[in-house]
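So you can see what is in the structure, the chains are spelled out below.
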Amino acid sequence: MTSNGLRNDTYSDDNLSDDESAPLTENIYSGSTRTVQETKGWDVFRDPPRKEISGSMANQKCLEISVIILKAVAYLVTFIIVLASGVIAKGTLLFMASQLRVDKVLEYCNKDLGREKQFIVKLPTPERVVWMWCLFFAYCIPQLGALFRSTRMCYFKSSKKPQFSHFLIIFIMETAHTIGVAILVFHILPEIDVVKGAMLTNCLCFVPAVLGLLSRNNKESQRYLKVLIDLVAISAQATGFIVWPIMEGRPDLWIIPIAIFLVSMGWWENYISKNSPIPFIKNLGKIREQYDQTRYFTYMFISVWKIICFFVTILFVILAREGEIGFFFTEFSEGWGAHPITILEIKPVLGGTSLPDISEIIPTGDDTVIQSNDMTPIYVLLINVCASYLAYIFGKFACKIMIQGFSYAFPVNLTIPVSISLLITACGLRNGDPCFFHDTIPDYLFFESPPAVFLNDFISHQHAWVWLLWLLSQTWITIHIWTPKCERLARTEKLQIVPMYDGFLIDQSLGLNRRRDDGSDVKPEDLDEIQKEKADEYYETISNHTDGSSPKNIKNSDHITRIYACATMWHETKDEMMEFLKSILRLDEDQSARRVAQKYLRVVDPDYYEFETHIFFDDAFEISDHNDDDTQVNRFVKLLIATIDEAASDVHQTRIRVRPPKKIPTPYGGRLIWQLPGKTKMIAHLKDKMKIRHRKRWSQVMYMYYLLGHRLMELPISVDRKATIAENTYLLTLDGDIDFQPSAVLLLIDLMKKNKNLGAACGRIHPVGSGPMVWYQLFEYAIGHWLQKATEHVIGCVLCSPGCFSLFRGKALMDDNVMKKYTTCSGEARHYVQYDQGEDRWLCTLLLQRGYRVEYSAASDAYTHAPEGFNEFFNQRRRWVPSTIANIMDLLMDYKKTIEVNDNISMPYIGYQILLMGGTILGPGTIFLMLVGAFVAAFQIDNWTSFYYNIWPILLFMFVCFTCKSNIQLIVAQILSTGYALIMMAVIVGTALQLREDGVGSPSAIFLIAMTGSFMIAAILHPQEFWCIVPGIIYLLSIPSMYLLLILYSIINLNNVSWGTREVAVKKTKKELEEERKQAELEKKKAKQKSLLGFLQNGGVNDDDEGSIEISLAGLFRCMLCTHKKSGDEKAQLMHIADSLDGLAKRLDHIEKVVDPAGHRSRKRSMSSSSRHGDHLKPVNEEEEESSDESDDDTVSITPKNKRDDLLNPYWIEDPDVLKGEVEYLSSNELQFWKDLLEKYLYPIDENKEEKARIAADLKELRDQSVFAFFMMNALFVLIVFLLTLKKDYLHIKWPFGVRTNITYDETTQEERIAKDLIELRNKSVFAFLMFNALFVLGVFLLQLNKDQIHVKWPLGVRTNITYVEETSEVHISKEYLQLEPIGLVFVFFFALILVIQFVAMLFHRFGTLAHILASTELNWTCTKKKEEMSPNALLDKQAVEIVKQLQRLQGIDGDYDNDSGSGPDRIGRRKTIHNLEKAAQKKRQIGTLDVAFKKRFAKLNANPEGGTPVLSRRMTMRRETMKALEVRVNSVMAERRKSHMQTLGAKNEFNGTNNNIRTHRSSVASSIPAKEVFENGHVNQAFEEEIYGSRNSLPMHTRGNTVSWMGSNSRM
């Protein structure tokens, strides 16, 4: 290495070629190659791929900046709240405790009593009693919170009962802690001043310190130094036992050691370990592991016991201090009310303002009595409780979003120093001026102040330095809170030992109760031990999530996250395939960067994962073009093959060519295997529906059994390892048109790591496309995710994790009644609806019924193509609607068992789902009534007319759905939808006018404002998706179509179980085509004969008839007399001659092609070609052509047809469109697996006409039953509401708001008016009596669903009517209320209830999503620490993955240029177009995989500051020191690997003498090894090397070899 950091010239491009002698094993770079062609000078112009900015690639720079700013704010705000809350909680505790002292005398403010006088106050007993009760309540509230949380977890989730001995241990420890806290608060703190009391709270860690020392084992690094510091910390804590008793000289303070020891016992559990060398501690550690499952059950009783124990201890302390306890109860009521307080005047003290000793106080006898402030204790209590809770909540929030160091540990350790500083300041100010806090704190209350001398000389006193020692010892004992190891968004149970907190000692509780992670950090220096454990001399990965409690036979590599992307494809377009492939290639690039960063830079990456893609192609084969007996891949598979290069070029922004796929014949069809640029595999499983069942559900069964059954369960490893691997294996289910970023997958992985009970997680799905239908879906998807999915996530579980983008845990799918039950073949009509039409929802239902949770992450975005046409959309929803209802009904019918099994589903959640189900079923009736009422309001017609206008179109549509084909139904639906949209626009205008008349106080206005407001707030809280709210107007216009017509269409077509979307015509055989042609001719002939012209022309006879006499007129008609049959001999002979000539021509053509294999297109050239190639003559088999006689195609086989075997030489592997990849074959084990799987679960279902007819009949019967029930429920609902509407003038409820004032002149007499009122009253009474009985029969619920008959007085918008009666000279004043009818009542309360639930749940989910985003966002060190202040290694660790991503970019690796670079007005003129074109024309070496690009760039890295780092982006430019750190780290890895390799080889040393001399003369191994040796002389990650993909042990789960030669080796794994 040269001094200026330049690399050796021998490390050139020639040594980095992408060929067999590449710096890794032979096949490692076979994944892809750069296009290497000698470009002609005239053909150098380029068409580089354009960078897409739509979908998941949209520019999110603004969002990223906003999130970074938000996280910086979160750092600061959380720090301030935790620190301030801790200080306030500690201060209010000391304030309350200061009021308990019996002989406390306080100088009273003389501001109101006389400035020249001096006063003192002594607290009466009632005042002291109220503060005692305040302390008791302050202690009880957190315990009640623990009781509530424990009860909720036990009843709504699950918790086991502990063994009695285990319960007894916790009982003893918590009892001791409670007694200690009571003694400390009620006896010790009142007897010492507040500064000493605050200092004393730093001495409560004695027992944890001792247990932590005893739990250390020999495996810990720097154990002796840690033990030494532990001993110093224990000694420091022990001094707290004696310092204050000795300094104060008071015997009653010698209870301090007992209290401190008892208090510190409360945090014993966090400081024991089962790895302790001491048997007693080791046994306690094993018992502790069982507490996590029994904790909530235990603390249901412990929390109650602690309250009782605390109360009893208080009584004993009071009895010991004051000799009686009766006043504690008798003075309770007086203490909480206003009571007298006596102010004593004393003779002024000369020479200062400080209060003299109590024995020197001389009272004057002039006493003043004032009344106490009875609200002060309540305020202080509330402040203490709220401050403690805020510190606890925000401290937990800081841990969840990964800001624990600055915003949790720092404020926790600062609480006491800040508290002491503020207390000294406050006490000094109060001693100097008793009236300083006159307007803030009652003058008769204040802290127990230390002496003035203490305050003035605080630093010079030795006890101040003793306290500093206590603080440092507590910091060491709680050092674990500075180095958290938990995952993002960790659950409370993973963060804390005890479920709640100690309100009195909040800072100690936050520090000592924060769980110490068992698993130690794995550092790069520990690589030797990792390699020894793996026994493969190779550093695969580092996982810092390994659980120390894992069985010994579980390897660290078993905890690695494994992601299998499983996509189902059918008939996707090129654009859809492009989005999918780009998403996969981005994941491939991300995984490669993480692998290289760990492999070469030795960086611990907690987000590392292994990745493999599987595509399952339905109906991938069709009849071949040359022979009906052979099959070839269809055009969609060919499209996928042709699209990969374009997708890779788009992702890597340079033209690259992925190596052709390997081809493997399989029992189910075939398999194509690509190796992507990042060296992950992408496998396409091509399904032949003649060999295996098609459709999406069976593709899911296929990959579940293959990946989880064959690839995992048949591994030759222990069952413990299998369980660990299954828990960390995830199936990423995808559709063939999905578009996402790697970060979206990592966010779902975070949820999985956070909760082991999570079976599935889904992201936010965004519809992509254009047109009104897509705009409608934009709003529908947005509202569905913002409100409905968020609500399900918060109050229960998400019911459907869509298969287009979801993550499933392997262990959950492998559970009982999940994967096995998912293979159930549809045998009943309802199975076709529930199982096959909504397979994703059914799979989630099975997971929920097994107790697993399904969650939704709003931060994980994915984009899918939505139906753009009306027909496609209706057909898609025709599948979704019945399957959704069927699966939810299945869950609701079995709700009791589901609640029992699943901790996340409760009765309130089931009730919420029942509400939604009721709204879905009665939706059409509700919309119909809405239309009837809207017609009345908008068009000023009566109810019956409106009813007729609305019922006839619906009845017509139902008739069409029952009698016509699907296309006719959809045409009618489109026409009606268009009409309803126009009507809805008129209704909206009419409703707006009505709302203007009724005012904003009307129920409709309030509901509309609330609904619109909730949507707007939801949109504002989702700033990325804000514009999804705009298509809401289309959604509003489409309500009748989507909630009335679509539901009817779905229910009536329930018997139609076809897919309905992406349908294409099936390719047919030539024989079938010929039959269809003949049938078409026959039909045409028959149609002609049936026509009038045909009858006139033929005379009603057949063409085979002829007559002795025929008369015709210009061919318009023909008349035959004496008809008889034609003779068929002539016709038959002509047909026979034509067939013979045709056969002869084909045989001659075949002979010519055999003679001339090059082939000729005409017989004219056959003679000359035969003469030129006479040496090719050989016997010709003419019989081969007999099978093709019926073919109309001139193309026939060139060579004699070989017998084909679908598992050896199927025709499709010879198809040139499948490219010239290698052909491989399955291993015997995998071949047998597929045969068994096909035989048992996936065999194609034969077309049984009888069975098919039975299922069709059953589906129709199910359809009829569903439609009848559906229709009757809605009809009954509509009938009752409508009939009551007709009587709305008699039966309604007055709305008290919006009263109108009407002034009318009544000419009738008062007697007539009274008679009329009595008759009206009679009619109302009779009608009400009859209707109440009718309503009782029909049910209260149905009555409330009626709109225009029963309504409530609305309290807003009341109108006042003033009537003047001239005859009687009376003025009548009456109020007219807006009427809230029954259906309005239902709308307001039913839908408003759902809206409120969803809105509140959305707010909670938004907070959780924000926490997830903040936890996943890492601030640039410029926000916290300048880069110049960081070490090079720290900066390298921080940016390792980003550095590798920059170094492995394929764009620019061979001098590619960006011709659009530059900015400014003359940027176009500055383009070096000609120079770049000339450079592009030069022939380049092949660089294909990302590893090679990384090595080539790394070889050219320049540590010279003048040279800079041009291969990195501007923001990634590194300093010279960082560059050297990167070089040293890679060289050190190389040195260790070479050393290990030489030890393995023994005497066989592959390094020559030159290398040995270099090692002899160098002073440091890491400083002088050429970087080239990193890639040429070492071991590599064989887990990622290419192998024959026939073995089931591919990807990470296989045996790896121990040695791999890098140069010129032909070894295979």
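Refer to the preceding data block for the structure.
Here's what I pulled together on the structure shown here. (Residues numbered from 1 in each chain as written. Predicted model: local features only at pLDDT ≥ 70, side-chain atom pairs only at ≥ 80, totals over all residues. Heavy atoms only, no water.)

Looking now at the sheet that holds strand E12 (residues 669-675). Sheets are built from strands paired through backbone hydrogen bonds, the pairs being either parallel or antiparallel. As summarised here, the arrangement of the ten strands in space is E11-E12-E13-E7-E6-E14-E17-E16-E18-E15, forming an open sheet in which the pairing is mixed. Of all the strands in the sheet, the pair left with one neighbour each is strand E11 (662-666) and strand E15 (739-740). (Pairing = 2+ DSSP bridges. Helix = DSSP H or I, 4+ residues; strand = E, 2+ residues; numbered from the N terminus.)

Direction vectors running N to C along helix H32 (residues 923-939) and helix H37 (residues 1039-1052) enclose 135 degrees, while the axes themselves pass 9 Å from each other. By the angle between their directions, the pair H32 and H37 is classed as oblique. Crossing geometry of H32 relative to H37 is assigned as left-handed. Contacts between H32 and H37 involve Gly923, Pro924, Ile927 and Leu931 from the first element and Ile1039, Pro1040, Tyr1043, Leu1044 and Ile1047 from the second. Taken together, the residues of the contact of H32 with H37 break down into eight nonpolar, one polar and no charged. (Axes fitted to C-alpha atoms, helices over the stretch in contact; angles between N-to-C directions. Parallel < 35°, antiparallel > 145°, perpendicular 65-115°, else oblique. Left-handed = near helix turned anticlockwise from the far one by under 90°. Contact = heavy atoms within 4.5 Å. Nonpolar A, V, L, I, M, F, W, Y, C, P; charged D, E, K, R; others polar.)

Our next topic: empty space enclosed by the protein. On inspection of all chains with the given rule, the structure shows 14 cavities of 30 Å³ or more. When its volume is computed, the largest cavity comes out at roughly 160 Å³. Around the largest cavity, the lining is made up of 15 residues, and of these Glu174, Lys306, Val498, Tyr501 and Asp502 lie nearest the centre. Counting residues per element, the ones that place at least two in the lining of the largest cavity are helix H2 (125-156), helix H3 (164-191) and helix H9 (279-322). Element by element, the count of residues in the lining of the largest cavity is highest for H2, at three residues. Within the lining of the largest cavity, the residues separate by chemical class into seven nonpolar, five polar and three charged. (1 Å grid on protein atoms, 1.4 Å probe; cavity = no way out; pocket = protein on both sides within 12 Å on 5 of 7 lines; lining within 4 Å. Points joined across faces, edges and corners; volume = space filled by probe spheres on them.)

A few words on a nonpolar patch on the surface. The grouping of Trp944, Tyr948, Tyr949, Trp952 and Leu955 at the surface amounts to a nonpolar patch, some 600 Å² of accessible area in total. Within the element layout of this structure, tyrosine 949 appears in helix H33 (residues 943-963). A relative accessible area of 51% means that tyrosine 949 is categorised as exposed. (Patch = residues over 30% accessible without salt bridge, like charges linked within 9 Å, V, L, I, M, F, W, Y side chains within 5 Å. Areas by Shrake-Rupley, 256 points an atom, 1.4 Å probe, with all protein chains shown as cover. Salt bridge = Lys/Arg side-chain N within 4 Å of Asp/Glu carboxyl O. Buried < 20%, exposed > 50% of the residue type's maximum accessible area, 1.4 Å probe, protein only.)

Right, let's get into the packing of helix H21 (residues 696-713) against helix H42 (residues 1228-1242). Close contact between H21 and H42 brings their axes to 11 Å; oriented N to C, the two are set at 140 degrees. Classed by the angle they form, the pair H21 and H42 counts as oblique. At the point where H21 passes H42, the crossing takes the right-handed sense. Within the contact between the two elements, H21 uses Trp698, Val701, Met702, Tyr705, Tyr706 and His710 and H42 uses Asn1229, Glu1230, Phe1233, Trp1234, Leu1237, Tyr1241 and Leu1242. The residue inventory of the contact of H21 with H42, partitioned by class, reads ten nonpolar, two polar and one charged.

One pass over the structure, following the stated rule, counts one disulfide. Note on cysteine connectivity: cysteine 109 is disulfide-linked to cysteine 435, with sulfurs 1.9 Å apart. Across the S-S bond of cysteine 109 and cysteine 435 the torsion is about 105 degrees, and the bridge reads as right-handed. With cysteine 109 in the loop between strand E2 (105-108) and strand E3 (118-122) and cysteine 435 in the loop between helix H13 (404-432) and helix H14 (452-456), the pair connects residues that are 326 residues apart, well separated along the chain. Exposure remark for cysteine 109: the relative accessible area of 1% places this residue in the buried category. On the accessibility criterion, cysteine 435 (10% relative accessible area) is buried. (Disulfide = S-S within 2.5 Å.)

What follows concerns the pairing of E12. With seven of seven residues buried, E12 lies mostly within the body of the structure. Where E11 and E12 come together, five bridges link them in antiparallel fashion. Across the sheet, the residue bridging to lysine 663 is leucine 672, located in E12. Here E11 folds back onto E12, and the loop between the two strands holds two residues. Bridging between E12 and strand E13 (residues 681-687) involves seven bridges; their strand directions are antiparallel. Bridge assignment links glycine 669 to a residue of E13, and that residue is lysine 687.

The terminal C-alpha atoms of H37, which comprises 14 residues, lie 19 Å apart, in line with the 20 Å expected from a rise of 1.5 Å per residue. Taken across its 14 residues, H37 has 13 buried, putting it largely inside the fold. (Expected span 1.5 Å × (residues − 1).)

Turning next to unusual backbone geometry. At glutamine 653, a position not held by glycine, the phi torsion is positive, near 55 degrees. Tracing the backbone through its elements, the reader meets glutamine 653 in the loop between helix H20 (635-652) and strand E10 (656-658). Positive phi, close to 60 degrees, is recorded for asparagine 817, a residue that is not glycine. With respect to the secondary-structure elements, asparagine 817 resides in the loop between helix H25 (810-813) and helix H26 (819-822). With relative accessibility at 48%, the residue asparagine 817 sits in the partly exposed group.

Considering all chains together, one arrives at 60 aromatic pairs under this definition. Clustering of aromatic rings is evident, with ring pairs tying together Trp133, Phe136, Phe137, Tyr139, Phe186, Phe310, Phe311, Phe328, Phe329, Phe332, Trp336 and Phe504. Positioned above the aromatic ring of tryptophan 244 is the side chain of lysine 196, whose terminal nitrogen or guanidinium carbon lies 5.6 Å from the ring centre. Taking NZ or CZ as reference, arginine 697 lies 5.9 Å from the ring centre of tyrosine 822, over its face. (Phe/Tyr/Trp six-rings, centres within 6.5 Å; stacked < 30°, edge-to-face > 60°. Lys NZ or Arg CZ within 6 Å of the ring centre and 35° of its normal.)

In this structure, Trp131, Phe186, Phe310 and Phe504 are the most contacted members of the largest nonpolar core, which totals 104 residues. At twelve residues, H9 tops the list of elements feeding residues into this core. Setting aside chain neighbours within four positions, we find phenylalanine 504 in contact with Lys90, Leu93, Leu135, Ala138, Tyr139, Val181, Val185 and Phe310. One finds Ala565, Leu587, Val637 and Val745 within the second-largest nonpolar core, a separate group that totals 60 residues. (Core = buried A, V, L, I, M, F, W, Y, C linked by side-chain atoms within 4.5 Å.)

Let us look at the pairing of strand E7 (residues 609-617). Of all nine residues that make up E7, nine are buried, and the element is covered over most of its length. Side chains of E7 alternate between two faces, with Tyr609, Phe611, Thr613, Ile615 and Phe617 and Glu610, Glu612, His614 and Phe616 buried alike. Relative to E7, strand E6 (residues 561-569) runs parallel, the two being bridged by nine bridges. Among the inter-strand pairings, threonine 561 is bridged to a residue of E7, identified as tyrosine 609. For the segment spanning E6, helix H19 (residues 574-600) and E7, crossover handedness is right-handed. (Right-handed = clockwise from strand over helix to strand, strands pointing away.)

Such coordinate-based values are descriptive only and should not be taken to indicate function.
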